[in-house]
Amino acid sequence: RMSEEEQRAAGKVYSGVLLPAFMAFEILMYAFPGWVFCAIFKRFTRKISCVMTNVPGPTTQRVFGGLPVYDLFFFVPIPYEVGVGLAVFSYHDHMLVAVQADTHALRRPDLLAKCWLEEFQQLKAETVGLDRTK
């Protein structure tokens, strides 16, 4: 059974513009033979240099096998010739950022992660104490 926050997250994924795009992708994937779909997808991804995803995770700590889960490891799969993948995931009031890159596209992925952290810390400092109900 999905929690309320999981239902909200699922609703965001399948709402508005994303639902038609997801459905078109699914139709293409099953309507054509695999080699045709791969050729179309590869041609499309040649125009993409970076993939980013953000996933709102659980706000409370989870338990696995009777033990509390303290941290998670994740990544964004980079399709074909896309050079950079950036994934943002929240878990138990923490934000986790994963950077995955082809070093031909981004020589220093660690620098991107460092800059991301600095910008987030600055944003957080500027918004602490703001009324979120407005």
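Anything mentioned here points back to the structure above.
Within each chain, residues carry numbers counting from 1 in the order of the written sequence. Two thresholds apply to this predicted model, a pLDDT of at least 70 for residue-level local features and 80 or more for giving and counting side-chain atom pairs, whereas whole-chain, interface and lining totals are computed over all residues. Hydrogens and waters are ignored; side-chain quantities use all the structure's heavy atoms.

## So, the overall build of the protein chain
Okay, so step 1: Regarding its fold elements, the protein chain presents 4 helices and 5 strands.
Okay, so step 2: N-terminal to C-terminal, the α/β element order of the protein chain is α-α-α-β-β-β-β-β-α.
Okay, so step 3: Across the 134 residues of the protein chain, 16% fall into the buried class.
Okay, so step 4: It only takes one pair of heavy atoms within 4.5 Å for two residues to be counted as in contact. Counting contacts in the protein chain only where the partners sit at least 6 residues apart, residues at least 24 apart contribute 50% of the total. Secondary structure counts use DSSP, requiring at least four H or I residues in a row for a helix and at least two E residues in a row for a strand, with both numbered from the N terminus. Three labels apply to residues, based on accessible area from a 1.4 Å probe with only protein chains included: buried if under 20% of the type maximum, exposed if over 50%, partly exposed otherwise in between.

## A look at the sheet that holds strand β1 (residues 50-55)
Okay, so step 1: Strands sit in the order β1-β4-β5 across an open sheet of 3 strands; the sheet is mixed. Strand pairing shows two members of the sheet lacking a second neighbour, β1 and β5 (94-101), which therefore form its edges. Adjacent strand axes in the sheet meet at a mean angle of 10°, parallel and antiparallel pairs treated alike.
Okay, so step 2: In the sheet, β1 pairs with strand β4 (residues 84-91) via 6 bridges, with the strands oriented parallel. By this definition, two strands are paired if DSSP reports at least two bridges between them. Fitted lines through C-alpha atoms give the axes, limited to the stretch in contact for helices. The angle between two N-to-C directions lies from 0 to 180 degrees.

## Some remarks on unusual backbone geometry
Okay, so step 1: One non-glycine residue, histidine 92, lies in the positive phi region at around 50°.
Okay, so step 2: With respect to the element layout, histidine 92 can be found in the loop between β4 and β5.
Okay, so step 3: Look at aspartate 93: it is not a glycine, yet its phi comes out positive at around 65°.
Okay, so step 4: Along the chain, the position of aspartate 93 falls in the loop between β4 and β5.

## Points about the pattern of salt bridges
Okay, so step 1: What counts as a salt bridge is simple: a side-chain nitrogen of Lys or Arg found within 4 Å of a carboxyl oxygen of Asp or Glu. Tallied over the entire structure, the rule returns 2 salt bridges.
Okay, so step 2: Aspartate 110 serves as the salt-bridge partner of arginine 108, at 2.9 Å between the closest nitrogen and oxygen.
Okay, so step 3: Note on aspartate 110: relative accessible area 44%, which makes it partly exposed.
Okay, so step 4: For glutamate 118, the salt bridge is made with lysine 114, and the minimal N-O distance between the two is 3.6 Å. One end of the pair is glutamate 118 and the other is lysine 114, both in helix α4 (residues 109-127) and 4 residues apart, which spans about a single turn.
Okay, so step 5: Relative accessible area serves as the criterion here: at 41%, glutamate 118 is assigned to the partly exposed category.

## Here's the deal with the pairing of β4
Okay, so step 1: Within β4, 7 of the 8 residues are buried, which leaves the element mostly enclosed by the surrounding structure.
Okay, so step 2: Note that β4 and β5 share 8 bridges and pair antiparallel. Within the sheet, the bridge partner assigned to valine 84 lies in β5 and is alanine 101.
Okay, so step 3: Here β4 hands over to β5 after 2 residues, with histidine 92 in that stretch at a positive phi of 50°.

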